[in-house]
Amino acid sequence: MLFHKEFGLILLFIILIHKYRKNVNIENLKKSVDTIINSTKTISEKQQAICDFLENEISYYDWVGFYFKNGDKNELKLAEYTGEETEHTIIPFGKGICGQVAVSNENFVVQDVSEQTNYISCGWKVKSEIVIPIFVNNENIGQIDIDSHTTNPFTKDDEEILEFVCSKIATLY
Ligand code: SME
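Residues numbered from 1 in each chain as written. Predicted model: local features only at pLDDT ≥ 70, side-chain atom pairs only at ≥ 80, totals over all residues. Heavy atoms only, no water.

S.K.: Whenever I open this one, the overall build of the protein chain confuses me. Can you help?
M.R.: Scanning the protein chain from N- to C-terminus turns up four helices and six strands. Beginning at the N terminus, the succession of helices and strands in the protein chain can be written as α-α-β-β-β-α-β-β-β-α. The dimensions of the protein chain, computed from C-alpha atoms along their principal axes, are 70 × 40 × 30 Å. Taking contacts inside the protein chain between residues at least 6 apart in sequence as the whole, the part at least 24 apart equals 50%. Accessible area for the protein chain stands at about 10,200 Å²; split by element, carbon and sulfur atoms hold 54% of it. A distance of 5 Å separates the average location of the 16 positive side-chain charges in the protein chain from that of its 26 negative side-chain charges. (Helix = DSSP H or I, 4+ residues; strand = E, 2+ residues; numbered from the N terminus. Contact = heavy atoms within 4.5 Å. Areas by Shrake-Rupley, 256 points an atom, 1.4 Å probe, with all protein chains shown as cover. Lys, Arg positive; Asp, Glu negative; His and termini not counted. Charge placed at Lys NZ, Arg CZ, Asp CG, Glu CD.)

Dropping the structure here:
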């Protein structure tokens, strides 16, 4: 009986430490993003710095990039990115994960790209993808796109961090 009680307390302690460390980590990531946004860099330099930072900080982020609506065309155009070069610099609205987010205006979390039929492959190494839209005055102007070489890597924390990034990027426009 005593053993069970102690075991329970230790488990609770481990869970609390884990939760605390995660929160601290998210807060630190947000602070670094803020520092980049508030720096004297140009918009393009800030976006590049955020791509570089996220790819570097989060082990399972292997490609990080921004796509924006291409003028008044119904297509996305690749802006800054970190990772392997891609031939998908223009994506029509509705096509692939990115094109679907341009139309749905919703986060798209793909834990396993092999389960998606409307998907544009950026190489065999990519196993999962997350795309979060950027809104300015309620208009979807673009998105952040992350590719991962790991299956099933994303949690609600990724959506929280990336929504924060997108809200900060929105202030630049
Ligand atoms: N996989 C994306 C295409 C862009 S690459 O990930 C860089 C898609 O399906 O829209």
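S.K.: Looking at this structure, how should I read the site of the ligand?
M.R.: Every residue close to the ligand is listed here: Trp 63, Tyr 67, Ile 91, Gly 96, Ile 97, Cys 98, Tyr 119, Ile 120, Cys 122, Glu 129, Asp 145 and Asp 147. Contact between the ligand and Glu 129: a nitrogen atom at 2.8 Å from a side-chain N or O atom of the residue. Here an oxygen atom of the ligand and a side-chain polar atom of Asp 147 are 2.9 Å apart. In isolation the ligand has 310 Å² of accessible area, and contact with the protein removes 100% of it. It is helix H3 (residues 96–104) that contributes the most residues to the shell around the ligand, three residues altogether. Here the shell around the ligand is built from residues that sort into eight nonpolar, one polar and three charged. (Near = heavy atom within 4 Å. Polar contact = N/O pair within 3.5 Å; in protein donor to acceptor, adjacent residues only side chain to side chain. Nonpolar A, V, L, I, M, F, W, Y, C, P; charged D, E, K, R; others polar.)

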